[in-house]
Amino acid sequence: KNEVEQSPQNLTAQEEEFITINCSYSVGISALHWLQQHPGGGIVSLFMLSSGKKKHGRLIATINIQEKHSSLHITASHPRDSAVYICAVKSRETSGSRLTFGEGTQLTVNP
Amino acid sequence: KAGVTQTPRYLIKTRGQQVTLSCSPISGHRSVSWYQQTPGQGLQFLFEYFSETQRNKGNFPGRFSGRQFSNSRSEMNVSTLELGDSALYLCASSLEGGASGELFFGEGSRLTVL
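The rules behind each value
Residues numbered from 1 in each chain as written. Chains lettered and ligands numbered in written order. Predicted model: local features only at pLDDT ≥ 70, side-chain atom pairs only at ≥ 80, totals over all residues. Heavy atoms only, no water. Contact = heavy atoms within 4.5 Å. Buried area = accessible area lost by both parts, 1.4 Å probe. Salt bridge = Lys/Arg side-chain N within 4 Å of Asp/Glu carboxyl O. Polar contact = N/O pair within 3.5 Å; in protein donor to acceptor, adjacent residues only side chain to side chain. Helix = DSSP H or I, 4+ residues; strand = E, 2+ residues; numbered from the N terminus. Nonpolar A, V, L, I, M, F, W, Y, C, P; charged D, E, K, R; others polar. Pairing = 2+ DSSP bridges. Axes fitted to C-alpha atoms, helices over the stretch in contact; angles between N-to-C directions. Core = buried A, V, L, I, M, F, W, Y, C linked by side-chain atoms within 4.5 Å. Buried < 20%, exposed > 50% of the residue type's maximum accessible area, 1.4 Å probe, protein only. Disulfide = S-S within 2.5 Å.

Novice: For this particular structure, what's the right way to read the interface of chain B and chain A?
Specialist: Accessible area lost upon the coming together of the parts is a frequently used measure of interface size. Counting from both sides, the interface comprises 28 residues of chain B and, opposite them, 19 residues of chain A. Note on chain B versus chain A: buried area summed over both sides is about 1,700 Å², and carbon and sulfur give 56% of it. Taken together, the links from chain B to chain A amount to zero salt bridges. Here chain B and chain A share two residue pairs in polar contact (both at pLDDT 80 or more) between them. Contributions of two or more residues to the side of chain B that touches chain A are made by β4 (31–38), β5 (42–50), β6 (53–57) and β9 (87–94) of chain B. Within the side of chain B that touches chain A, the residues separate by chemical class into eight nonpolar, 13 polar and seven charged.

In structure tokens:
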């Protein structure tokens, strides 16, 4: 069992749909990152959170530390949201920026 | 403010050769971390440098090494290349690293080993 598991692996949605991507992890963490990767390969950090909820535009990220679970929500999805979304955690047991990554969720939003 | 710059963006090598990749972090950032991304293994942590010292190392063989210079620029080196080293190599910089450090990624260096 991977330390970080995401679901679903693939997701196809219609424009304007509400989207949820889930991330579960098995270790104690000090922070969780949501990352976005477009086909060219570059990665953009969307959120870094250690508790509660964060919102940026149409994106919302929540985390439940007790249940070791985080969700990324996209409201009013748009074709430009099509990308791979990756969850990554920083274990409490390690120092620095060492991250463990989920396998990613490939999101396709159709017009 | 310039972002994280990785060079070269693309390169092709043959088995047995070595390769050096460069990463220039955002000005003022002292932490640089390196990651390997392959279709089979996904993203994996290679190592992290902070103030010219290796702070963390992932589970990679000794053929993978790195260093950081006094201006925070970092290089990673892979010696005796194998086919399985073909991957996208990404670096990320942060101000201090650690739990509260937001990461800024470069565009990556795509290595093909023939």
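Picking up after the structure, the text goes on.
Novice: Please explain the sheet that holds strand β3 (residues 19–24) of chain B as it appears in this structure.
Specialist: In a beta sheet, neighbouring strands are held together by backbone hydrogen bonds and run either parallel or antiparallel to one another. Residues and elements named next belong to chain B. What the four strands build is an open sheet, ordered β1-β3-β8-β7; its pairing is antiparallel. Two strands bound the open sheet, and with one partner strand each, they are β1 (5–7) and β7 (64–68). Between one strand and the next, the sheet's axes are offset by a mean angle of 15 degrees, whatever the strand orientation. Bridging between β3 and strand β8 (residues 74–78) involves five bridges; their strand directions are antiparallel. Bridge assignment links leucine 21 to a residue of β8, and that residue is methionine 76.

Novice: Would you mind going over the sheet that holds strand β6 (residues 52–56) of chain A with me for this structure?
Specialist: All names here are of chain A. Within the open sheet, the five strands sit side by side as β1-β3-β8-β7-β6. Their pairing is antiparallel. Every other strand in the sheet has two partners, leaving β1 (4–7) and β6 as the edge strands with one partner each. Adjacent strand axes in the sheet meet at a mean angle of 15 degrees when their direction is disregarded. In this sheet, strand β7 (residues 59–64) lies alongside β6 in antiparallel orientation, the contact comprising five bridges. The residue of β7 that forms the bridge with lysine 55 is isoleucine 60.

Novice: Before we go on, may I ask you to explain the nonpolar core in this structure?
Specialist: Generally speaking, a soluble globular protein has its nonpolar side chains buried in company with each other. Residues and elements named next belong to chain A. In this structure, Leu32, Trp34, Phe47, Leu72 and Tyr85 are the most contacted members of the largest nonpolar core, which totals 24 residues. Elements supplying a minimum of two residues to this core: β3 (19–25), β4 (29–37), β5 (43–49), β7, β8 (69–74), β9 (83–91) and β11 (105–110). When residues no more than four places from it in sequence are discounted, the contact partners of leucine 72 are Ile19, Thr20, Ile21, Trp34, Leu46, Phe47, Ile60, Ala61 and Tyr85.

Novice: What should I look at first to understand the state of the cysteines in this one?
Specialist: Two cysteines form a disulfide when their sulfur atoms are joined by a covalent bond. Enumeration according to the criterion identifies two disulfides over all chains in this entry. Note that cysteine 23 of chain A is cross-linked by a disulfide to cysteine 87 of chain A, the S-S spacing being 2.0 Å. One disulfide, between cysteine 23 of chain A and cysteine 87 of chain A, carries an S-S torsion of -60 degrees and so falls in the left-handed class. Pair noted here: cysteine 23 of chain A is in strand β3 and cysteine 87 of chain A is in strand β9, with a separation of 64 residues, a long-range link. Note on accessibility: cysteine 23 of chain A and cysteine 87 of chain A belong to one class, buried. What pairs with cysteine 23 of chain B in a disulfide is cysteine 91 of chain B, and their sulfur atoms sit 1.9 Å apart. Across the disulfide from cysteine 23 of chain B to cysteine 91 of chain B, rotation about the S-S bond amounts to roughly 75 degrees, and the bridge is consequently right-handed. Here the residue cysteine 23 of chain B occupies a position in strand β3, and cysteine 91 of chain B occupies one in strand β9, the gap between them amounting to 68 residues. For the pair shown, cysteine 23 of chain B and cysteine 91 of chain B are each scored as buried.

Function cannot be read off these values alone, since they describe shape.
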